[in-house]
Amino acid sequence: MASTDSSSLQQLFAQLKHFGDEGDYTKADAIIKKILKESPQDKDALLCRLCCLIQQGKYDNALNFIKTNRNILSGVDLTFQEAYCYYRLHKTEAALELLQSQSNPNDKCKELLAQVLYRLENYKECITLYRNLIKNSQDEFENERETNLAAACALLNVHDRNLREDTYELRYNAACNLLSGGQVSDAINKLNEVEELCRRSYDDDADITEEEIEDELGVVRVQLGYAHQLNQNNTEALRLYNQVLKTKPSDSTLAAVASNNVITINKDKDLFDSKKKIKALSIEGLHGKLTSSQLKSMEFNKCLLHIYANQSEQFQESLKQIVKSHNMHEMANILRAFRSVKEKNVNAAISILESAIKESSDITEKGFLTLTQLYLMQGNKQMAIQTLKRIKDNHRLGIIATLVTLSTSSGDTDSASKLMDEAIDHWYKKAQGSELPPQLFVALKENANLKLRLGRHEEAISSLESLRKSSPNDIRILSQLITAYSKFNSEKAELLSKELPDVETDIDIDVDNLEIAQHLYSARQAKRMVKVGIDNGNNDLKPIIVRKKRKSRKKKGKLPKNFDPNKNPDPERWIPRRERSYYKKKKKAPIGKGGSQGSTASSAGFDASSATAAAASQSKPATVPEANKQPDNKPAPPQLAKKPVKKAGKKKKGKW
């Protein structure tokens, strides 16, 4: 009996191996169930069962299976399998805790830990772990490890010279690294190379279709569109995004990113298209594949679109999602204020932000700067200044510059000068004997310029002297210092002026040639200037400049249109026509012929010839009048003489 059981188990394991090699884990799982019926505590069968559940994506069932059979599999380390199930279920913290509990993890656990750290956006530790794995392992997964390392470096903007670029994945991550570093033009060129490299890598594979290649290139084109968008080339970016979306990519995250970027380009225009694109941002499964900054941007863009489209209910739902998922309370208040501004209610927007500042102490500079902008929209400069002073770190150069500009425009120059002095003291204290920060030198320069502009030359001396110690060869600072001293201490100014460099140069300049240079005259005058000789008077050789004489041009006389060179001209052509010997005066027509100006149709009744004409017309057959109109026997009214119409004169050419 035992021999028959063992033979049947061997047959079942043989079938299990066959289905496992073919990758048919559903049929393999059915065989394992038969094995476990005959041998419930077979460790090999239990491990195969766990592997089948994981391969089928049944991660919850796999975790329950581990908990149920932990005692039977007590001698087997299942840390990797359990952590992998937590990782795929997006329970990343649980996977991290389980992996870090190991004292001596193997390479599989280290690679899974690196993936967990990458998802948790702990890129520094992820990079360190991948570098150790690449250094201490040699297998067929070397390209995958380097690709993941390059991706982590790109997100952290760390340049690793040891990374290769011979695969399109590695070159793609190198382009992403350039984008994060602000090298947009170089990134565009490299992304174009990635597309060519990707196509060449699939040329030898006959099983890959053109649709699969296009799907693979979708990521590259979306990133290329993002690069063009950063380069202010929205037309090309929009073309690339729509090209990818038309292919309906299999990766939902790719469609979400492309749709989000299209919405940012559309802004408050083409809202119908943006409403269609926003559906891709609400697909499930994006949280485990996108970074937190990407998800925040998408939720923020949803709110903006709802504001532009006047969708109040959807706006409130997106606002709750921002607060719940990303804890963006401050941004939610800013969005509420922006909605009030769109409704032309600035006072309501100010009250929203003021109440938020009173309720919470975690308001950052974004909230204060937005409130400052709202006060400036109302023209209330004093409240804008007070709001800027409420910022915690208000000694930064941008904030100080804004405060000084607002104070000087309001006429409060004393406050502006005091603000600059306080900023300089702050940066001196922050240095605390170490190397002076560059912000201090910028503040010193602007303080000196402000004091000189306000006429406070004595107060500007301290800043200029400090700048001269750091930059003794700066002529601009020295000239400003001389200008300031000249207002109240002429001796000091004269002493410092001796340190100015000489104006003389070693370049030989011919002043005479400069005087006759054509650029000193107009274009017409320069053509007429000519050097005719040299004046030796007073031992100075000077060129003699005169103007060219204008040459008189003889114009050819105009001949008449009917001129015949073979005939002699008329000797009386200079005499008026009426005085010439062959002139004949035109005779006037006799009165009554041709009709006078005042004649009318009624005068025909006094003409005897009209009666014979009427009798002759009665003997002829009648013709049909045009358009069946009846003849009008009324006499025609006398016509008024037309006024002569003046022809429009031709416009002269070449003048305005």
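Details of the structure are given in the entry above.
Read on for an overview of the structure. No experiment lies behind these values; they were computed from the predicted model shown. (Residues numbered from 1 in each chain as written. Predicted model: local features only at pLDDT ≥ 70, side-chain atom pairs only at ≥ 80, totals over all residues. Heavy atoms only, no water.)

1. Some thoughts on the overall build of the protein
Phase 1 of the analysis: Secondary structure summary: the protein contains 30 helices and 2 strands in total.
Phase 2 of the analysis: A total of 656 residues make up the protein; the buried ones form 32% of that total.
Phase 3 of the analysis: Here the protein has roughly 46100 Å² of accessible surface; of this, 50% comes from carbon and sulfur atoms. (Helix = DSSP H or I, 4+ residues; strand = E, 2+ residues; numbered from the N terminus. Buried < 20%, exposed > 50% of the residue type's maximum accessible area, 1.4 Å probe, protein only. Areas by Shrake-Rupley, 256 points an atom, 1.4 Å probe, with all protein chains shown as cover.)

2. Quick word on unusual backbone geometry
Phase 1 of the analysis: Here H90, not a glycine, exhibits a phi torsion of approximately 60°, which is positive.
Phase 2 of the analysis: If you trace the backbone, H90 turns up in the loop between helix 5 (79-88) and helix 6 (92-100).
Phase 3 of the analysis: Taking relative accessible area as the criterion, H90 reaches 44% and is therefore assigned partly exposed.
Phase 4 of the analysis: In this structure, N327 is a non-glycine residue whose phi angle is positive, near 55°.
Phase 5 of the analysis: Position of N327 relative to the elements: it lies in the loop between helix 17 (312-326) and helix 18 (329-342).
Phase 6 of the analysis: With relative accessibility at 54%, the residue N327 sits in the exposed group.

3. Some remarks on a negative patch on the surface
Phase 1 of the analysis: Taken together, the side chains of E140, E144, E169, D203, D204, D205, D207, E211, E212, D215, E216 and D251 present a region of like negative charge at the surface.
Phase 2 of the analysis: Ranked by the residues each element gives to the negative patch, the list is headed by helix 12 (residues 210-230), at 4 residues.
Phase 3 of the analysis: By the secondary structure assignment, E216 is in helix 12.
Phase 4 of the analysis: Residue E216 is classed as partly exposed on the basis of its relative accessible area of 32%. (Patch = residues over 30% accessible without salt bridge, like charges linked within 9 Å, V, L, I, M, F, W, Y side chains within 5 Å. Salt bridge = Lys/Arg side-chain N within 4 Å of Asp/Glu carboxyl O. Lys, Arg positive; Asp, Glu negative; His and termini not counted. Charge placed at Lys NZ, Arg CZ, Asp CG, Glu CD.)

4. Considerations on the environment of K110
Phase 1 of the analysis: Mapped onto the secondary structure, K110 falls in helix 7 (residues 107-119).
Phase 2 of the analysis: A relative accessible area of 31% means that K110 is categorised as partly exposed.
Phase 3 of the analysis: Sequence separation of K110 and Y130 is 20 residues, and the distance between their C-alpha atoms is 8.6 Å.
Phase 4 of the analysis: The residues contacting K110, other than those within four sequence positions of it, are P105, L129 and L133. (Contact = heavy atoms within 4.5 Å.)

5. Observations regarding the environment of S252
Phase 1 of the analysis: Among the structural elements, S252 can be located in helix 14 (residues 252-266).
Phase 2 of the analysis: Sequence-wise, S252 and I283 are 31 residues apart; in three dimensions their C-alpha atoms are separated by 7.6 Å.
Phase 3 of the analysis: Aside from chain neighbours lying at most four places away, what touches S252 is I283, L286 and K289.

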